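A structural walkthrough
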Amino acid sequence: MTRNEKNNLSSMLNETCIENLGESILYQWIVKIQDFIQELEDSKLDPESTRNCDSNISVPQEIYTYMQDNLQEGAEELPTVYHGETIVDRKSVFQGHAATVTSVEQAKKVLIELKRNKKIVNATHNIMAYRITNDTNLIIQDCDDDGESRGGSTLLHLLQISDVKNVIVVVSRWYGGIHLGSDRFKHISNAARMVLTSSGYITQNKTKKKHKKR
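Residues numbered from 1 in each chain as written. Predicted model: local features only at pLDDT ≥ 70, side-chain atom pairs only at ≥ 80, totals over all residues. Heavy atoms only, no water.

1. What about the environment of Lys108?
Test applied: Note on conventions: DSSP H or I runs of at least 4 residues are helices, E runs of at least 2 residues are strands, and numbering of each starts at the N terminus.
Locating Lys108 in the fold gives a position in helix 4 (residues 104-114). Separated by 30 residues in sequence, Lys108 and Leu78 have C-alpha atoms that sit 10.0 Å apart.

2. Concerning the nonpolar core
Rules: Only buried residues count toward a nonpolar core, which is a set of Ala, Val, Leu, Ile, Met, Phe, Trp, Tyr and Cys residues joined through side-chain atoms within 4.5 Å. Remark: exposure states derive from per-residue accessible area (1.4 Å probe, protein chains only) relative to the maximum for the residue type, with buried under 20%, exposed over 50%, and partly exposed in between.
Counting 22 residues, the largest nonpolar core has Phe94, Leu155, Val169, Val171, Ile188 and Leu196 as its most contacted members. Those elements that provide at least two residues to this core are strand 2 (92-100), strand 3 (125-133), helix 6 (151-161), strand 5 (167-174) and helix 7 (183-198). With 6 residues, helix 7 is the largest single contributor of residues to this core. The next biggest cluster of nonpolar side chains, apart from the first, holds 14 residues, and it includes Val81, Val101, Ile120 and Met128.

3. Observations concerning the packing of helix 6 against helix 7
A pair of packed helices is characterised by two quantities: the angle between their axes and the separation of those axes. Defined as follows: Note on method: axes are straight lines fitted to C-alpha atoms, helices fitted across the in-contact stretch only, with angles between N-to-C directions ranging 0 to 180 degrees. In this scheme, roughly parallel covers angles under 35 degrees and roughly antiparallel covers those over 145, while 65 to 115 is roughly perpendicular and the rest are oblique. In a left-handed crossing the near helix is turned counterclockwise from the far helix by less than a right angle, and in a right-handed crossing that turn is clockwise. Contacts are residue-level and defined by heavy atoms, with any inter-residue pair within 4.5 Å sufficient. Side-chain classes follow a simple rule in which Ala, Val, Leu, Ile, Met, Phe, Trp, Tyr, Cys and Pro form the nonpolar group, Asp, Glu, Lys and Arg form the charged group, and the remainder, Gly included, forms the polar group.
For the pair helix 6 and helix 7, interaxial distance at closest approach is 10 Å and the crossing angle is 40°. Relative to helix 7, the element helix 6 is oriented oblique. Along this stretch, helix 6 crosses helix 7, giving a crossing that reads as right-handed. Every residue of helix 7 that contacts helix 6 at Gly151, Thr154, Leu155, Leu158 and Leu159 is listed here: Phe185, Ile188, Ser189, Ala192, Arg193 and Leu196. Here the contact of helix 6 with helix 7 is composed, by residue class, of 7 nonpolar, 3 polar and 1 charged.

4. Digging into the packing of aromatic side chains
Keep this limit in mind: When the centres of two rings from Phe, Tyr and Trp lie within 6.5 Å, Trp using its six-membered ring, the rings pair. Their planes under 30 degrees apart give stacked, over 60 give edge-to-face, and anything left gives tilted. Consider the ring centre and the ring normal. A charge sits over the ring if Lys NZ or Arg CZ is within 6 Å of that centre and within 35 degrees of that normal.
Using the criterion set out here, one finds 1 aromatic pair in the structure. When the ring of Tyr82 is compared with that of Tyr201, the centres are 6.2 Å apart and the planes differ by 75°; the resulting orientation is edge-to-face. Taken together, the residues span a long stretch of sequence, with Tyr82 in strand 1 (residues 81-89) and Tyr201 in the loop between helix 7 and helix 8 (204-213) at a distance of 119 residues. In this structure, Lys119 packs its charged tip against the face of Trp174, placed 5.3 Å from the ring centre.

5. Looking at the sheet that holds strand 4 (residues 139-144)
Operational definition: Whether two strands pair depends on DSSP finding at least two bridges between them.
Spatial strand order, 1-2-5-3-4: 5 strands in an open sheet with antiparallel pairing. Since the sheet does not close on itself, it has two edges, and those belong to strand 1 and strand 4, each with one partner. Put simply, the sheet's adjacent strands are angled 10° from each other on average, direction ignored. Across 6 bridges, the pairing between strand 3 and strand 4 is antiparallel. Each residue of the ladder has a partner; that of Met128, found in strand 4, is Asp144. Packing of helix 6 onto the sheet brings it into contact with strand 3, strand 4 and strand 5, and relative to strand 3 it is tilted by some 35°.

6. Some remarks on the confidence of the model for the protein
Rules: Across the chain, each position has a pLDDT score giving the predictor's confidence in that residue, from 0 to 100.
Averaged over all residues, the pLDDT of the protein is 78; the fraction at 70 or higher stands at 68%. Segment residues 207-214 is flagged for pLDDT under 50; beyond a separation of four residues in sequence, or across chains, it makes 6 contacts in the model.

7. Considerations on helix 4
Quick note on the threshold: Each C-beta atom gives one direction from the helix axis, and the arc is the one those directions make.
Those residues of helix 4 not exposed but buried are Gln106, Ala107, Val110, Leu111, Glu113 and Leu114. All buried residues of helix 4 fall inside an arc of 165° around its axis, so they share one side.

8. Digging into the pattern of salt bridges
Stated formally: Here, a salt bridge means any Lys or Arg side-chain nitrogen found within 4 Å of an Asp or Glu carboxyl oxygen.
Per the stated rule, a full pass over the model turns up 7 salt bridges. We note a salt bridge from Arg116 to Glu113, for which the minimum N-O separation is 2.9 Å. Looking at Glu113, the relative accessible area reads 17%, which means it is buried. In this structure, Arg184 engages Glu148 in a salt bridge whose closest nitrogen and oxygen atoms are separated by 2.8 Å. With Arg184 in helix 7 and Glu148 in the loop between strand 4 and helix 6, this residue pair connects regions lying 36 residues apart in the sequence. There is no split in this pair, since Arg184 and Glu148 are both buried. The network of salt bridges with shared partners includes Asp89, Arg90 and Asp183.

Below, the structure written as structure tokens:
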């Protein structure tokens, strides 16, 4: 392939990644690549010539290498992001997102990638907290309200009492125009708990142990 063709393919695959943030995209990449190769082959055909249709289009080795390299880089730099169920109250919508992170830089990258999603970046608030254990077993933690006062500390407190480490949790809130008062903190906490539980960061056994200690 020419450099221009490779750049076009790279842009197309990156768009697919962004559109399906947090989901497995290997199959979609293969389909996109097959379509791309088909278009290249069609563009190079003599208009007067005919050929048999073949649905089993082979993917060149250089493209498979490109896919493997990008998947490996993505797995290292951008972990899988899990998205929780939404909570709706008086037209306000809350949704949690969580991912495994092992450094502050990785946590920042997850947040940046989340905000590349049009729906998430347009949320009224994207509240965030993370807890990370470094090489010396010290815990690095931080939170961000993103305009929702005490929202970040609510998430950080949940991570602390649940003893969750090496995780970033983000709760997106789309304001519905009606003030929720203190109920908003309940929804922020529940949205975070739902995604942390569904993605396996919080287990029932861990929750029970915390209750027993009290």
